[in-house]
Amino acid sequence: MTPRPNASSRQRGTRGPAPTSVANLRDVAARAGVSPATASRVFAGSPLVRPDTRERVLAAAEELGYVVNGLAQAMMGRGRRSVAFVASHMIGPTFAAMAAGAESVATEQGNLFIVSTTGADVTRERDLLETLREQRAAGILLAGSTATGAAVDRRIAEYARDLETIGARLVLCGHPAVPGVPNVLTVDYDQVGGVRAAVNHLTAAGHRRIAFAGYEPDKTTPLQRLRGYELGLRDAGLALDPSLVVECPNETEPAEHGCRDLLRRTDRPTAVVGLTDGVAIGAYRAARSLGLAIPGDVAVVGFDDMPLVVDLTPALTTVRAPFWEVGVRGARLALGLEEATGHVELPTELIVRQSAP
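Residues numbered from 1 in each chain as written. Predicted model: local features only at pLDDT ≥ 70, side-chain atom pairs only at ≥ 80, totals over all residues. Heavy atoms only, no water.

Participant: Residue-level account of the nonpolar core, with values.
Facilitator: Counting 69 residues, the largest nonpolar core has Phe-85 and Tyr-229 as its most contacted members. Not counting the four nearest positions on each side in its chain, Tyr-229 is found in contact with Val-195, Val-199, Ile-210, Ala-211, Phe-212, Leu-240, Leu-244 and Val-245. Of all hydrophobic cores here, the second largest spans 20 residues; its members include Val-152, Tyr-159, Ala-168 and Val-178. (Core = buried A, V, L, I, M, F, W, Y, C linked by side-chain atoms within 4.5 Å. Buried < 20%, exposed > 50% of the residue type's maximum accessible area, 1.4 Å probe, protein only. Contact = heavy atoms within 4.5 Å.)

Participant: Give me the confidence of the model for the chain: which residues, what numbers.
Facilitator: Summarising the model, the chain shows a mean pLDDT of 88, and 90% of its residues fall at 70 or more. In the predicted structure, residues 1–20 sits below a pLDDT of 50 and forms five contacts with residues beyond four places in sequence or in another chain. (pLDDT = per-residue confidence, 0-100.)

Participant: Can you break down the sheet that holds strand β6 (residues 210–215) residue by residue, with the values?
Facilitator: Whenever strands of a sheet pair, they do so through backbone hydrogen bonds, lying parallel or antiparallel. A sheet is described by the order of its strands in space; here six strands give the open sequence β7-β6-β8-β9-β10-β12, paired in mixed fashion. Two strands close off the open sheet at either side, each with one partner strand: β7 (245–247) and β12 (349–351). The average undirected angle you get between the axes of adjacent strands in this sheet is 20°. Both β6 and strand β8 (residues 271–274) contribute to a ladder of four bridges, which runs parallel. Across the sheet, Ala-211 pairs through a bridge with Val-272, a residue of β8. Contacting β6, β8, β9 (299–304), β10 (317–320) and β12, helix α9 (residues 191–204) crosses the sheet at an angle of about 165° to β9. Seen against the sheet, helix α12 (residues 277–289) touches β6, β8, β9 and β10 and runs at an angle of roughly 160° to β9. (Pairing = 2+ DSSP bridges. Helix = DSSP H or I, 4+ residues; strand = E, 2+ residues; numbered from the N terminus. Axes fitted to C-alpha atoms, helices over the stretch in contact; angles between N-to-C directions.)

Participant: Can you lay out the layout of surface pockets for me, pointing to particular residues and giving the numbers?
Facilitator: By volume, the largest pocket is sized at about 910 Å³. Along the wall of the largest pocket there are 43 residues; nearest its centre are Ser-88, Ile-91, Phe-95, Ser-145 and Lys-219. For the lining of the largest pocket, the secondary structure elements donating two or more residues are β1 (82–87), α6 (92–108), α7 (122–134), β3 (139–143), α8 (150–164), α10 (220–235) and α12. The leading source of residues in the lining of the largest pocket is α6, at five residues. When grouped by side-chain class, the residues that make up the lining of the largest pocket number 21 nonpolar, 14 polar and eight charged. (1 Å grid on protein atoms, 1.4 Å probe; cavity = no way out; pocket = protein on both sides within 12 Å on 5 of 7 lines; lining within 4 Å. Points joined across faces, edges and corners; volume = space filled by probe spheres on them. Nonpolar A, V, L, I, M, F, W, Y, C, P; charged D, E, K, R; others polar.)

Participant: I'd like a description of α7, backed by residues and values.
Facilitator: For α7, built from 13 residues, the straight-helix expectation of 18 Å at 1.5 Å per residue is met to within 8% by its first-to-last C-alpha distance of 18 Å. Elements that come into contact with the buried residues of α7 comprise β1, β2 (112–117), β3, α8 and β4 (169–173). Between the side-chain oxygen at the start of α7 and the backbone nitrogen of Thr-123 there is a gap of 2.9 Å, and the oxygen is on Asp-121. Positive backbone phi, approximately 60°, marks Arg-136, located one or two places after α7. (Expected span 1.5 Å × (residues − 1). Polar contact = N/O pair within 3.5 Å; in protein donor to acceptor, adjacent residues only side chain to side chain.)

Given below as structure tokens:
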């Protein structure tokens, strides 16, 4: 006679181990002396639940093994909480340095450190931040350039308000201050001043036709750096010529194509300022494909000071940004380790090398 399957084997099916716990939400609610709806609100992170009720529900869940013990402790404000570093993409060593700075602070304070990317997908970003809020993250750093506009500002303000309900902070890193949203902290470096200094250096060397490569409309970083370019030209009494602005993504190959079109003109520029070092490398490739010498025929300046640029031939003149320090300050603000001042801006430095002596 074939033995009758027990409940465990029916739950298990044909794959996977038997569950080690059968506690459900109703069991947790009964143990805590609340309704299942109240228990559900606790696990959803609702701010409407009384603190003593939340404590009872989470204690009951921990006793019954309904949730992971570490998560329950974090939700009760005990144990290790996380600091999350969120970017649209992890682009090169700049974001890695920023994340490393933030991690040094988070781990020193006994927090877990999480790195995640959104692929520039707003829905994915929103879902990720909601999950981090539900898991009682101690703070979230949103890193890098974003789109501009009222809709973006409202979304960022919403993230900050949601995090405030669990006593956490949102900090934007590598981002300008957000107008009209005072509860959002920002840490940036002097992007405008860095490019302005680069253009001042070029005009002092006698350049009058200076191009800017890597512009993307309605994005915070390109807009700031284009502003620095415009101010640098103005300092020398020069007007911005829109035909010398190369619109392309922050990638080497598109920058190469855009700069090649510019440099093959009879009235070509004598210098190119790249949005980033990656864009500047695109300008190098374009110049060489046309038989132009750097810096004899065209000077090139980048931005970021990535480790590899000193090994280019010629070595790249570029703006050095304090990415590690931005991560450190962002994490300290997120964790309340220093007084919140709204917007923090760190200095940049022009590093002169052979591509634009």
